[in-house]
Amino acid sequence: MRPARFISLEGGEGVGKSTQLRALGAVLRARGMEVVETREPGGSPGAEAIRHMLLTGAADRWSARAEALLFAAARADHVEKTIRPALQRGAWVLSDRFLDSSRAYQGMGELTDEDILTLHRIGSAGFLPDRTFILMLPEGEAESRAYSRDGDGSDRIGGRDSAFHRRVSQSFARFAAIEADRVRPIDASGEAAAVTARLLRELEDLLP
Ligand SMILES: Nc1ncnc2c1ncn2[C@@H]1O[C@H](COP(=O)(O)OP(=O)(O)OP(=O)(O)O)[C@@H](O)[C@H]1O
Ligand SMILES: Cc1cn([C@H]2C[C@H](O)[C@@H](COP(=O)(O)O)O2)c(=O)[nH]c1=O
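Nothing here was measured: the structure is a model prediction, and the numbers come from that model.

Participant: Give a description of the site of ligand 2 that names residues and reports values.
Facilitator: For ligand 2, the set of nearby residues contains 14 residues, the closest of which are E40, S101, S102, Y105 and I157. Examining the composition of the shell around ligand 2, we find that four residues originate from one element, helix 4 (residues 99–106), more than from any other. Of the residues assigned to the shell around ligand 2, the class counts are five nonpolar, four polar and five charged.

Okay, here's the thing in structure tokens:
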């Protein structure tokens, strides 16, 4: 029997991660697999409480260092309480964002990529997904998808300026280029069903 797998979906705001996570979950369940759909920040009661603290309030509510530590703490709880137990009982776990979001959002300013990886080693023993998909979409398209969903209301981090979000997207693209074994770029344009088909092609070698 093939082992349970941990898959993360990553990318900037509005690229279609949540939509694809649900679609992928439905396809895998139709094959008889147990699937746990989860998200970050969040995915366990403790991490959901931290999510609320991270995504609400004033833009300067947290310093860059406090913010990175809170994401790492939420992830530690998520891994321990939700992800590892699900994998141990044989379920596949699909997570809407994981470590690479911290690397892309928190690891390119006051803190470096190495700092974020160090926090992850401390918080979650360096636990990594078996495969990570980076959903890629031209900037304007992602923005208009997010706008059609949220209007002007975005969360504390989503509301940062477009230069910030451009750097985030560039960081994600870099991870896909330099960590090609784990991290796969996926063209997120076109119909949702076409994107799901691209994801499944890139997952085929791991499927039972
Ligand atoms: N392939 C697609 N074509 C057109 N619209 C789409 C497509 N996929 C998703 N959408 C729509 O775009 C919006 C953003 O999608 P979704 O919430 O899945 O993105 P996300 O990456 O999870 O966003 P965020 O990180 O900001 O939460 C939603 O309104 C969704 O219905
Ligand atoms: C995991 C993680 C997330 N973020 C940011 C990215 C988004 O702006 C929000 C999460 O909102 P979503 O609608 O659920 O995608 O949080 C981050 O900055 N760092 C992280 O590690």
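That was the structure; now back to the text.
Participant: Hey, could you go over the UniProt feature "binding site: ATP" (unreviewed entry) in the chain for me, with residue numbers and the actual values?
Facilitator: Look at the UniProt record and you will see "binding site: ATP" (unreviewed entry) annotated at G11, G12, E13, G14, V15, G16, K17 and S18. Summarising the element assignment, E13 is placed in the loop between strand 1 (6–10) and helix 1 (17–30). Taking the number of C-beta atoms within 10 Å as the measure of exposure, E13 has 21 and is therefore buried. Among residues more than four places away in sequence, those in contact with E13 are A142, A146, G158 and H165. Classification of K17 as buried rests on a count of 23 C-beta atoms within 10 Å. In contact with K17, not counting residues within four places along its chain, are L9, G11, D96, R97 and L135.

Participant: Tell me about the site of ligand 1, residues and numbers included.
Facilitator: Neighbouring ligand 1 are 16 residues; G16, S18, T19, R145 and R149 lie closest to it. Looking at the shell around ligand 1, the elements with two or more residues in it are helix 1, helix 6 (139–150) and helix 8 (192–201). Take the shell around ligand 1: its biggest share by element is four residues, from helix 6. A per-class count over the shell around ligand 1 returns four nonpolar, seven polar and five charged.

Participant: Before we move on, can you summarise the environment of R166 with the specific residues and values?
Facilitator: For R166, the position within the fold is in helix 7 (residues 162–178). Here R166 falls in the exposed class, since 12 other C-beta atoms lie within 10 Å of it.

Participant: An account of unusual backbone geometry is needed here, citing residue identities and associated values.
Facilitator: Cis geometry is found at the peptide bond from E40 to P41, where omega equals -10°. The topology assignment puts P41 in the loop between strand 2 (35–39) and helix 2 (45–55). Positioned with a positive phi, R97 is a non-glycine residue whose angle comes to about 80°. Tracing the backbone through its elements, the reader meets R97 in the loop between strand 3 (92–96) and helix 4. Residues other than glycine seldom take positive phi values, yet A125 does so here, at roughly 55°.

Participant: Tell me about the sheet that holds strand 1, residues and numbers included.
Facilitator: Ordered in space as 2-3-1-4-5, the five strands form an open sheet in which the pairing is parallel. Only two strands of the sheet have a single neighbouring strand rather than two, namely strand 2 and strand 5 (183–187). With strand direction ignored, the average angle separating the axes of adjacent strands in the sheet is 20°. Each of strand 1, strand 2 and strand 3 is contacted by helix 3 (residues 64–88), which is oriented at about 155° to strand 3, the strand it contacts most.

Participant: Account for the nonpolar core, naming residues and giving values.
Facilitator: L94, F133, I134, L135, I186 and A188 are the most contacted members of the largest nonpolar core, which has 37 residues in total. In terms of residue count, the dominant contributor to this core is helix 3 (seven residues). Setting aside residues no more than four positions away along its own chain, I186 makes contact with F133, I134, L135, M136, V195, R198, L199 and E202.

Participant: Residue-level account of the pairing of strand 4 (residues 131–136), with values.
Facilitator: Across four bridges, the pairing between strand 1 and strand 4 is parallel. Its bridge partner being in strand 4, L9 is matched across the sheet by F133. By the bridge criterion, five bridges tie strand 4 to strand 5 in an arrangement that is parallel. Paired with T132 across the strands is V183, a residue of strand 5.

The rules behind these values
- Starting from 1, residues in each chain are numbered consecutively following that chain's sequence as written.
- As they are written, the chains are lettered A onward and the ligands numbered 1 onward, keeping that order.
- Per-residue local features are limited, in this predicted model, to residues with pLDDT of at least 70; the limit for side-chain atom pairs, both in listing and counting, is 80 or more; totals at the level of whole chains, interfaces and linings are taken over all residues.
- By definition, a residue lies near a molecule or strand provided its backbone-derived C-beta atom is within 6 Å of it.
- Strands here are runs of E lasting at least two residues and helices are runs of H or I lasting at least four, both read from the DSSP assignment and numbered beginning at the N terminus.
- Three residue categories are used. Nonpolar comprises Ala, Val, Leu, Ile, Met, Phe, Trp, Tyr, Cys and Pro, charged comprises Asp, Glu, Lys and Arg, and polar comprises the others, including Gly.
- UniProt positions are given in the numbering used here, feature names are shortened, and annotations may be inferred rather than shown by experiment.
- To sort residues by exposure, count the other C-beta atoms lying within 10 Å of each residue's C-beta; 20 or more gives buried, 12 or fewer gives exposed, and values between give partly exposed, all with C-beta atoms placed from the backbone.
- We call two residues in contact if the C-beta atoms placed from their backbones are at most 7 Å apart.
- Strands are treated as partners if at least two bridges between them are detected by DSSP.
- Here, axes are lines fitted to C-alpha atoms. For helices the fit covers the stretch in contact, and angles between N-to-C directions go from 0 to 180 degrees.
- Throughout this description, the term nonpolar core refers to a group of buried Ala, Val, Leu, Ile, Met, Phe, Trp, Tyr and Cys residues whose C-beta atoms join them within 7 Å.

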